[in-house]
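# Coordinate analysis (summary)
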Amino acid sequence: EFNNAPKISEPEFSAPFPGKYGTTNGMWAFGKVVDRMRNETISEAYTISKTSDQNELLIRLQRKEGVTFKATLELHKRTGFAICGYDCAIAISVDGKMRELVARNHNPGATELEVFDASGFERLLKNSSKLFIELELDDGLKQYEFRTQGLDWSAADAAEPMFSS
């Protein structure tokens with residue numbers, strides 16, 4: 001009866017890639033990458049939402065010199081792709097308040113969307129405890145739930161650096 005209704009399943013909450021990217025505080029994983037060619041260090045924070053149907057959505061924030069310059073939403077472990085033109089509006093709910101997030105799809109069929117206002121998105125995440133993101137995928141609407149508390153960049157500063165190749 002409701003063919004277009006989003007499929008919701010119970011998420012699993014944990015920081016992604018424990019042990020691989022430096023430190024974790026349970027909901028976020030932190031690390032840093034050293035770009036030797038540009039002599040830059042980029043700090044990264046990750047959180048992930050996993051659903052019972054094996055869909056995963058990763059939020060990745062990147063910052064250098066104290067400024068968040070890139071935020072991406074990355075689909076993992078699935079065959080579907082986000083239905084999004086070059087620029088698209090994504091429905092989100094932050095602590096129960098509906099908002100719109102504008103993102104860019106650099107490549108048709110890509111599994112990564114780049115958020116326009118990376119520093120604004122980071123502030124939103126730092127000041128919230130729960131976030132829902134709804135994406136239209138080629139097999140229907142999917143909702144992803146994130147526990148967002150604990151975004152603390154000092155954990156990234158303490159992480160051991162990984163070097164770019």
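Placed above this text is the structure.
The structure contained in this document is the topic of the report that follows. (Residues numbered from 1 in each chain as written. Predicted model: local features only at pLDDT ≥ 70, side-chain atom pairs only at ≥ 80, totals over all residues. Heavy atoms only, no water.)

## Some thoughts on the overall build of the protein
When helices and strands are counted, the protein shows 2 helices and 12 strands. Starting at the N terminus and walking to the C terminus, you meet the elements of the protein as β-β-β-β-β-β-β-β-β-α-β-β-α-β. Put simply, the protein has 165 residues, and 42% of those count as buried. Taking the intrachain contacts of the protein between residues at least 6 apart in sequence as the baseline, contacts between residues at least 24 apart amount to 52%. Surface summary for the protein: the accessible area is close to 9,100 Å², and the carbon and sulfur share equals 48%. (Helix = DSSP H or I, 4+ residues; strand = E, 2+ residues; numbered from the N terminus. Buried < 20%, exposed > 50% of the residue type's maximum accessible area, 1.4 Å probe, protein only. Contact = heavy atoms within 4.5 Å. Areas by Shrake-Rupley, 256 points an atom, 1.4 Å probe, with all protein chains shown as cover.)

## As for the layout of surface pockets
As a volume, the largest pocket reaches approximately 170 Å³. Lining the largest pocket are Ile92, Arg99, Glu100, Leu101, Val102, Val115, Phe116, Asp117, Gly120, Phe121 and Leu124. Where the lining of the largest pocket is concerned, the elements lending two or more residues are β8 (97–104) and α1 (118–126). Ranked by residues supplied to the lining of the largest pocket, first place goes to β8 with 4 residues. Tallied by class, the residues present in the lining of the largest pocket amount to 7 nonpolar, 1 polar and 3 charged. (1 Å grid on protein atoms, 1.4 Å probe; cavity = no way out; pocket = protein on both sides within 12 Å on 5 of 7 lines; lining within 4 Å. Points joined across faces, edges and corners; volume = space filled by probe spheres on them. Nonpolar A, V, L, I, M, F, W, Y, C, P; charged D, E, K, R; others polar.)

## Some words on the pattern of salt bridges
Counting across every chain of the model gives 8 salt bridges. With a shortest N-O distance of 3.9 Å, Arg60 and Glu44 are connected by a salt bridge. Of this pair, Arg60 sits in strand β5 (residues 56–64) while Glu44 is found in strand β4 (residues 40–50), placing the two residues 16 residues apart along the sequence. Among the salt bridges present, the one from Lys130 reaches Glu145, with a minimum N-O distance of 3.4 Å. Here Lys130, found in strand β10 (residues 130–137), pairs with Glu145, found in strand β11 (residues 140–147); they are 15 residues apart in sequence, far enough to count as distant. Salt bridges sharing common partners tie together Glu44, Arg60 and Glu74. (Salt bridge = Lys/Arg side-chain N within 4 Å of Asp/Glu carboxyl O.)

## Considering the nonpolar core
In terms of nonpolar packing, the biggest core is built from 31 residues, with Leu61, Leu73, Ile90, Phe121, Leu131 and Ile133 touching the most fellow members. Among the elements of the structure, β5, β6 (67–76), β7 (87–94), β8, β9 (112–115), α1, β10 and β11 are those that each provide at least two residues to this core. Excluding residues within four positions of it along the chain, Leu73 makes contact with Leu57, Leu58, Ile59, Ile90, Leu101, Thr111, Glu112, Leu113, Val115, Phe121 and Ile133. (Core = buried A, V, L, I, M, F, W, Y, C linked by side-chain atoms within 4.5 Å.)

## Quick word on the packing of aromatic side chains
Evaluation of the coordinates by the stated rule reveals 0 aromatic pairs. Directly above the ring of Phe69 sits Lys64, whose terminal nitrogen or CZ lies 5.0 Å from the centroid. (Phe/Tyr/Trp six-rings, centres within 6.5 Å; stacked < 30°, edge-to-face > 60°. Lys NZ or Arg CZ within 6 Å of the ring centre and 35° of its normal.)

## Concerning the environment of Ser154
In this fold, Ser154 is placed in helix α2 (residues 154–158). Taking relative accessible area as the criterion, Ser154 reaches 42% and is therefore assigned partly exposed. With 124 residues separating them along the chain, Ser154 and Phe30 place their C-alpha atoms 9.0 Å apart. Polar side-chain contacts of Ser154 include one of 2.9 Å to the side chain of Asp152. (Polar contact = N/O pair within 3.5 Å; in protein donor to acceptor, adjacent residues only side chain to side chain.)

## Observations regarding the environment of Gln149
Secondary-structure assignment places Gln149 in the loop between β11 and α2. Measuring from C-alpha to C-alpha, the distance between Gln149 and Ser128 comes to 6.4 Å, with 21 residues separating the pair along the chain. Here Gln149 is in contact with Met27, Trp28, Ser128 and Ser129, once residues within four sequence places are set aside.

Read these as geometric descriptors, not functional statements.
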